[in-house]
Amino acid sequence: MNLTRRPRRLRRTAQIRNLVHEVDVRCDDLIYPVFVTEGENVQSPIESMPGIYHYSLDRLAIHLKEVWEKGVRAVIFFGVPDHKDACGSGAYDPDGIVQRALRMTKKLYSEMICIADICLCEYTDHGHCGVIKDGEVLNDETLELLSKAAVSCAAAGADIVAPSDMMDGRIGHMRHTLDAAGYAHTLIMAYSVKYASAFYGPFREAADSAPAFGDRKSYQMDFRNRREALLETELDMEEGADIIMVKPALAYLDIVRTVSEAFDLPLCTYSVSGEYAMMKAAAMNGWIDEKRVVMESMIAMKRAGAKMIITYYAPQIAEWLREEEGQR
Ligand code: PBG
């Protein structure tokens, strides 16, 4: 054969492949979700997410050391409170579990990027992400509470607040409230494109936040829609979002691509609890090569256009990346 173009030339050795490859995952791209809970000496496993735990603050301190030393530089906190009520008051309690976790983390590791997930569902007795009246999740009344939660987390040291509730207008409301309270420097990472997804199942076990009635389809997006992702992102951008997000990740890489091509803001994707559970389960059965499947998935998210990834695998990936560096 007299072939002028032979793509295989670029694949001939590992060194050439490394020279020409397009996409990398770096430790700095990773954000690690952490569940914090009341009590002392608590490190309780989440059954559907092997390797992931609820931590009381004393145990969190120990875990953070490990996470920091592995090279992870960003964490996002989720609260698992003792007390739940109709308006989710734990979410905006200045002394709430996440607020205390933020203060402690900033004291121990001032350079750790601390992100506070802002939502009511972990704190409401009905498990919905907003206040309820006559069986409806009220939008505008919920905004006040979310903004209060954001300010209390900013005051506790959060570098970034990340509203995950999907109420309309929350980014603008939160931006104004933060600015008025003196937190103009606090970033907003908007869960702009968040679908009503069955992939959140293990998280709801972890956070005990499954809705007591109905579902989240009146506020989270319909996964049959793609163009709606552009509208949601545009609104969040206009309202002042600094970072935008697509969630879940793996089954939604077409959306990641769509959003990354349409907007210039840094884009995050959230590889959610169900994705972790699937990969973990198959790995524990010896059915897949965990490291290779996880790294391939992360690369796929970056290749689709994500700049950063929220993943329960963050500390493990940091460790793998370090091992690889060490082998050179
Ligand atoms: C809170 C929230 C959820 C997740 C992140 N923030 C659950 C939900 O919307 O039901 C899911 C994260 C995951 O599955 O890993 N609203």
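The name that an unreviewed UniProt entry assigns to the chain is Delta-aminolevulinic acid dehydratase, with the source organism given as Coprococcus intestinihominis. Word for word, the UniProt comment on the chain under Catalytic activity (unreviewed entry) is "2 5-aminolevulinate = porphobilinogen + 2 H2O + H(+)". Looking at the chain in UniProt, the text filed under Function (unreviewed entry) is "Catalyzes an early step in the biosynthesis of tetrapyrroles. Binds two molecules of 5-aminolevulinate per subunit, each at a distinct site, and catalyzes their condensation to form porphobilinogen."

The subject of this paragraph is the site of the ligand. Taken together, Asp117, Cys119, Cys121, Cys129, Ser164, Tyr200, Phe203, Arg204, Val272 and Ser273 make up the full set of residues near the ligand. Counted by class, the shell around the ligand contains 6 nonpolar, 2 polar and 2 charged residues.

Bringing helix H5 (residues 170–180) into the picture now. Every buried residue belonging to H5 is among Arg170, Ile171, His173, Met174, Arg175 and Leu178, and all of these are buried. Its buried side turned inward, H5 meets helix H4 (140–155), strand S8 (160–163), strand S9 (187–194) and helix H7 (227–239).

Let us look at the pairing of strand S5 (residues 113–118). Counting buried residues in S5 gives 5 out of 6 residues, a clear majority hidden from the surface. By the bridge criterion, 4 bridges tie strand S4 (residues 74–80) to S5 in an arrangement that is parallel. Bridge pairing in S5 links phenylalanine 77 to alanine 116. Regarding the hand of the β-α-β motif, the stretch spanning S4, helix H3 (residues 97–108) and S5 is right-handed. Pairing between S5 and S8: 4 bridges, direction parallel. Looking at S8, one finds that alanine 116 is bridged to valine 161.

Conventions and cut-offs
Residues numbered from 1 in each chain as written. Predicted model: local features only at pLDDT ≥ 70, side-chain atom pairs only at ≥ 80, totals over all residues. UniProt positions renumbered as here; feature names shortened; annotations may be inferred. Near = placed C-beta within 6 Å. Nonpolar A, V, L, I, M, F, W, Y, C, P; charged D, E, K, R; others polar. Buried ≥ 20, exposed ≤ 12 C-beta atoms within 10 Å, placed from the backbone. Helix = DSSP H or I, 4+ residues; strand = E, 2+ residues; numbered from the N terminus. Contact = placed C-beta atoms within 7 Å. Pairing = 2+ DSSP bridges. Right-handed = clockwise from strand over helix to strand, strands pointing away.

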